[in-house]
Structure formats: structure tokens, C-alpha cells
Amino acid sequence: MQKQPRPVSRNLYPSNQVIIKLLASSIVISFLLTASVLNLNIFDTLATFTASLSLTLFSIFIIFTMQLLLLSLINELKLTMWLSFLISILVSVVNLLKIQFRSEPLIPTDLGFLFDLPAIIRLITPIQIVLVSLLLLAIIAIILVLVYRQRKFQTGVKIFDVDKQSNYRRGFLLILSFTLLLSMRSYQVEGSLLKKTLTSFGFKEYQFDILKSYRENGFVNGYISNISNDVMVMPEGYSKESVQAIMEKYQAQADTFNIQSKYDNFQDISVVYILSESLSNPQRVNGVEIEENPLPFISDPKGKSLQGLMVSPVYGGTTANTEFEVLTGLSMKYLASGSIIPFKSIIPEFEKFPGIVKDYLRDNPYGKAISLHSYNDKLFKRPEVYEKLGFDQCYFDADMIHQDPLFDSTYISDKSTFNDALAYLSQDGSQFMNVVTMQNHSPFTDKYDALYPGVSVETDPNLEESLAAYTQGIHYSDQAIEEFIQAVSQMDKKVMVVYYGDHLPGLYNSLLDENKDPFDLYTTDFFIYKNFDQDHRQMAKEQVVSASSLNALTHLYAGVELSPLHILNLKINQQAVGGSALNYKTKEGTQQYLDLSPELQSMIEEYKMIQYDILVGENYSNQ
């Protein structure tokens, strides 16, 4: 019997044509993605592409490898190229919208928000929702048409035949492309081949200016540099002996200082932390003119214990990173990547996480820790995180007694949120409360009965309406917090209020050239008030503090004993605050780490050692 020949597909592309087509497609996609971080400016994109040919070729290689992976999975060239191109369009549009919304490009941790779509939808404008929805529907429709045509009319062009040898080649290509892409996770590993390669290609690292990194190095290279497996890089000399030496050094200083502390703990003191969404006085932004101060109460030091400016770790969004610094006393600037969100990737890994809540409840059997967030519980894993931080009760918008918004806003007003906080404060015993407001979250227009008068932006008149609407909102916040403080002042229990803005709104993208100092768009307003142990005729000292120092300042101004980490934090904060790992705000102005005094550098290294020990190490400091 004559042996039948094996079936052979007639629609097979020669390998050289496949490579040429995928390379051409990769060039177009890489160009499109980079253009999306440069406001689709063709000339700026060409400048980035030609600035470093090696970096450009590397980004094209990554896109090419991703298409090879997709091709080995679906075995159809036209569908692979169409699918890659359509996905790149979707990514580019979403990236553009995010930059407009928060002055930050898409980063690896944004993938986690795919599971929080209902919450994300509430944060963007209806026009943006319609735009992305139509684009997504169009992409799905095109893919369905392509699949239909391929199956009905056999228009598809396969790459691999049905025989065993082709299957081996296909499997090899799948494993190779997947392994290469998996290796892109190693950039943050110190001394990794990927990091050395990109550095030799001319990669410019801007760890805490992610948008600049993407614009200088291209979208793909910028994205890769923010993929992180490590929380922190191990400090040189980390050991049990080193950590214990630091703790003993500052424990001795704490023991000396605590002799004058009025209280051993917070047993009969209630503490209210209030994170005011996007609150920061626009009068400080270069290029903005406002005739009258919209925050007359917040910026008035009279009757307060401490008042001034707080350096936030973020601009335009990612509230949870500021909240992390404030509640834990740890700093974002020493993490391995600026794209890390501790609420999502660090705290959930702990059984219990140290911070102000743990300090408050220590030796305080009748104290209660309450979180109150006037939004839903979907973003940043807050219910799980709050439990790890030690909160006894967690309330979100659906749980609130008062849910009224201001005028046409969709967000619960600050006044409603503070009324709920007052209800909990009126209960017996002492409470620690973490209150997070939402009134001033974007979008800013079409919310209130009026626009704040006297707002002008000479270089960008188109910004004036949204900025005036935002300013009107924070003016309402100023009135609401004044009423809250007045109510607290009348209480017959000891209450301390720590009020701060989490970050500036993402409104000032067009003014970046006028705000070039690393701190111009990272300073918000804050104050500490207490209704006990204070002469209300005195004026608070105006001070610039880092978000991570509020924990220590709370203990200090409450008159409660300080820990070794509090002492170290305060000593650093006296000389330098905030910034990135390279920039600090000092009395001499903005300085880089290497320009700081040897004594200050030494304290910063000690602080990093303890933070590493808490987050990644063996937790010797707790012992």
C-alpha cells in the first residue's frame, strides 16, 4: 500500500518575510508608544528615537519579541500584526489620558487596576469614558471581523505547518520569546545584565520623575525600568549587629528626651489624621495668579501647634503612597522603584504592619482605631491594608451616616465626612481616626455653584476655568475644616488633629517648565492642632516637613514618648526633608545627597538601614 503524503498547508509565509513584516510593525508600534508620552509630537518623538540608536533598537527588539510570542501562540501572521497594532493604539490612548489626568505614564503596577474598573470609571470624565469605550469596542469588532474572514475565506497566513518538526520550532520560539520577556523583570536587580546593557546604551535614570524617564528613553525602556522584583536594595553592611547598634544609639537619645514627655502613651488622647484629597494652595505654583488666598484658615498659624508645608512623595495621584508615609513613618524615596505602591505590594505580605496605629493602641486597652474613607473600598486594597495596620473598624462611603455632596459633585463633601468623624469622636473612650476625603478629586469642572474669582494663568488661559473650579473646591474645604476644628475645640476630651494634603492636583502639566525645582509641585499644606496643653494665643511655628515625619511629629506635639525611629526621623527632618533619593530640601535650598553634610548622610543611611530591616530584612529592629 502506497504511503500517503502528510498534509501541507499552502498558506505559509517564508521566514525572511515574516521577520521583515514583524520588524516593520515593531518600529511603528515603538514609535507610536513613545509618541504617546510626548503628546503625539512627531518631531519630539523623532528626536527621542535618534538621540540613542541603541535604546531605540532595544525597544524595537522588545516589541518584536512580544509579537513573536503572540505569533507562536496563534500561528497567524496577519492576525498577530493587527492584534499587536490595535493593542498598542489602546495602550497609547490610555497612556495619553493618564498623563493628562495625573502627569504620569502607564507603569507596571497599573495592571492591578484592571480589577478595579468600576472605581476607575468614577474617577475620569464622561468624555474619556466614552472615548475609551468606543475605542475598545472598535478593537473588539475589528478582531472579530478578522477572525471571521480568516475562518470563512481562509485569508489567514500561517507560519508553522502541522507536522512534528514545525511544532518543535513553534515550541522553541514560544519558550525563547517568553524567557526573554521574563528577563525584563531584572532591571531593578543591582548589577543585572539588563541594567548594565541599558546603561551602556545611554539609558538615563530618573527614578522619581517617571514621565521624564519615559520621554528621554522611550516608552518601552521606561516601562521596563519600572518593573521591580525588589522592594528595597539591601544597604551596604546590613546585619543584626548594625541594626542593633543604630537602635541602641537612638534608644539612648529617646530615653533622655522622654524624661520631659508629659504622657507615656495615647491612653486618654484621641488623634484624628485627615488626608485632604488634592489640597494644595495654587498660589505657590509658578505661573498661577490668584487675588485672594483660598485657604485663609489652613494657612493661618494662630491657635495651631504646627503649621506649614508638607513634601508629598507623589504628584497628581496615587494617594495611597502619601498615606503609607504618613501612617508608617517610612519613606517612598528609598524603595527600589518609584512605581511601587506599598498598599498593593508590600503591606498585604505582612501579618501586622508597624506604624502610628500600632503605637496608638500600645498600652491603651480602651483605645479604638477607626478608618473612614468617603469613597468605595475597591482601590489600593484598603480594607486588607487597614486591617494589617491595626484598625479595628473600617468605614467607606456606603457605611457613612452623612453622604451629601456639594452642589452637583458626585463625591461626598468634606463637611459630610467631618460630621461622621465627629460622631465617632463623641463616643466614649479615645480613638485614633484616619479620615480620607474625596471632595476635591478630579474631575474639577461642573461641580460647584461658582468659580473662585481672580484666578489667572498667563501662559495657559485654557487652564483657568478648571483651576478656578478646583480652587473653589479647596476653599469649601477650608471652611469645612474650620468648622470641624471649632467643634473639636468645644469637646471635653483631649483631641489632636493632623491635617494634610496628599498631593497637588494633576492640573499643572502646561506649567512644568515654570516649576522645574523638584519641590515646586510636591509641597502641600498641613497643620497640627490640639485642644489641650496649648496656649491658643500663640502662633504655630511654620515648618516644612516630609510626609514620613508626621508620625514622629504627632508623638512630639502630643507630648507622648518617642521611639528610636522617631528620634532619627526628627533629627533628619530638622536638616533635610522629602525629595527623591537624590534631592533634599534644606535651609540652603534644593540639594543632592552628595552635597549634604557627612553627619546628615550618615543619619540617612541609618534610616535606610532600619527601613530595609522592617520591609525586607529580618526585623532585628523590632527585637
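Residues numbered from 1 in each chain as written. Predicted model: local features only at pLDDT ≥ 70, side-chain atom pairs only at ≥ 80, totals over all residues. Heavy atoms only, no water.

In this structure, what is going on with the nonpolar core? I would like to understand it.
Nonpolar side chains in soluble globular proteins tend to be buried together. Of all hydrophobic cores here, the largest spans 78 residues; its most connected members are Phe343, Phe432 and Leu550. Tallying contributions element by element places helix H20 (residues 598-615) first for this core, with 9 residues. Not counting residues within four places of it along the chain, the set of residues in contact with Leu550 comprises Tyr273, Met310, Val326, Val498, Tyr500, Phe526 and Val545. Listed in part, the 46 residues of the second largest apolar core include Leu295, Val435, Leu467 and Phe484. (Core = buried A, V, L, I, M, F, W, Y, C linked by side-chain atoms within 4.5 Å. Buried < 20%, exposed > 50% of the residue type's maximum accessible area, 1.4 Å probe, protein only. Helix = DSSP H or I, 4+ residues; strand = E, 2+ residues; numbered from the N terminus. Contact = heavy atoms within 4.5 Å.)

What exactly am I supposed to notice about a nonpolar patch on the surface here?
On the surface, Val28, Trp82, Phe85 and Ile142 cluster together into a nonpolar patch covering about 330 Å² of accessible area. Along the polypeptide, Ile142 turns up in helix H6 (residues 126-153). Owing to a relative accessible area of 31%, Ile142 belongs among the partly exposed residues under this scheme. (Patch = residues over 30% accessible without salt bridge, like charges linked within 9 Å, V, L, I, M, F, W, Y side chains within 5 Å. Areas by Shrake-Rupley, 256 points an atom, 1.4 Å probe, with all protein chains shown as cover. Salt bridge = Lys/Arg side-chain N within 4 Å of Asp/Glu carboxyl O.)

Is there a simple way to think about the side chain of His503 in this case?
In this fold, His503 is placed in the loop between strand E8 (494-501) and strand E9 (523-530). Only 3.3 Å separates the side chain of His503 from the side chain of Thr319, close enough to count as a polar contact. Here the side chain of His503 touches Asp502 through a polar contact of 3.1 Å, side chain to side chain. (Polar contact = N/O pair within 3.5 Å; in protein donor to acceptor, adjacent residues only side chain to side chain.)

I'm lost on the packing of helix H19 (residues 564-575) against H20 in this one. Help?
Helix-helix packing is described using two parameters, namely the angle between the two axes and the distance between the axes. Axis separation between H19 and H20 bottoms out at 10 Å; the angle between their running directions is 140 degrees. It follows that H19 is oblique to H20 by the angle criterion. Considering the relative orientation of H19 and H20, their crossing is left-handed. Every residue of H20 that contacts H19 at Leu565, Leu568, Asn569, Lys571, Ile572 and Gln575 is listed here: Glu599, Leu600, Met603, Ile604, Glu606, Tyr607, Ile610 and Ile614. For the contact of H19 with H20, the class distribution of residues is 9 nonpolar, 2 polar and 3 charged. (Axes fitted to C-alpha atoms, helices over the stretch in contact; angles between N-to-C directions. Parallel < 35°, antiparallel > 145°, perpendicular 65-115°, else oblique. Left-handed = near helix turned anticlockwise from the far one by under 90°. Nonpolar A, V, L, I, M, F, W, Y, C, P; charged D, E, K, R; others polar.)

I tried to follow the pairing of strand E4 (residues 368-373) on my own but got confused; where do I start?
Remark: a regular strand shows side chains that alternate across the two faces of the sheet. Counting buried positions along E4 yields 5 of 6 residues, so the element is predominantly enclosed. The pairing of E4 with strand E6 (residues 431-436) spans 6 bridges and is classified as parallel. Residue pairing across strands places His373 opposite Val436, the latter belonging to E6. Strand direction decides the pairing type here: E4 and strand E5 (residues 393-395), joined by 3 bridges, are parallel. For Ser371, the partnering residue across the bridge sits in E5 and is Cys394. (Pairing = 2+ DSSP bridges.)

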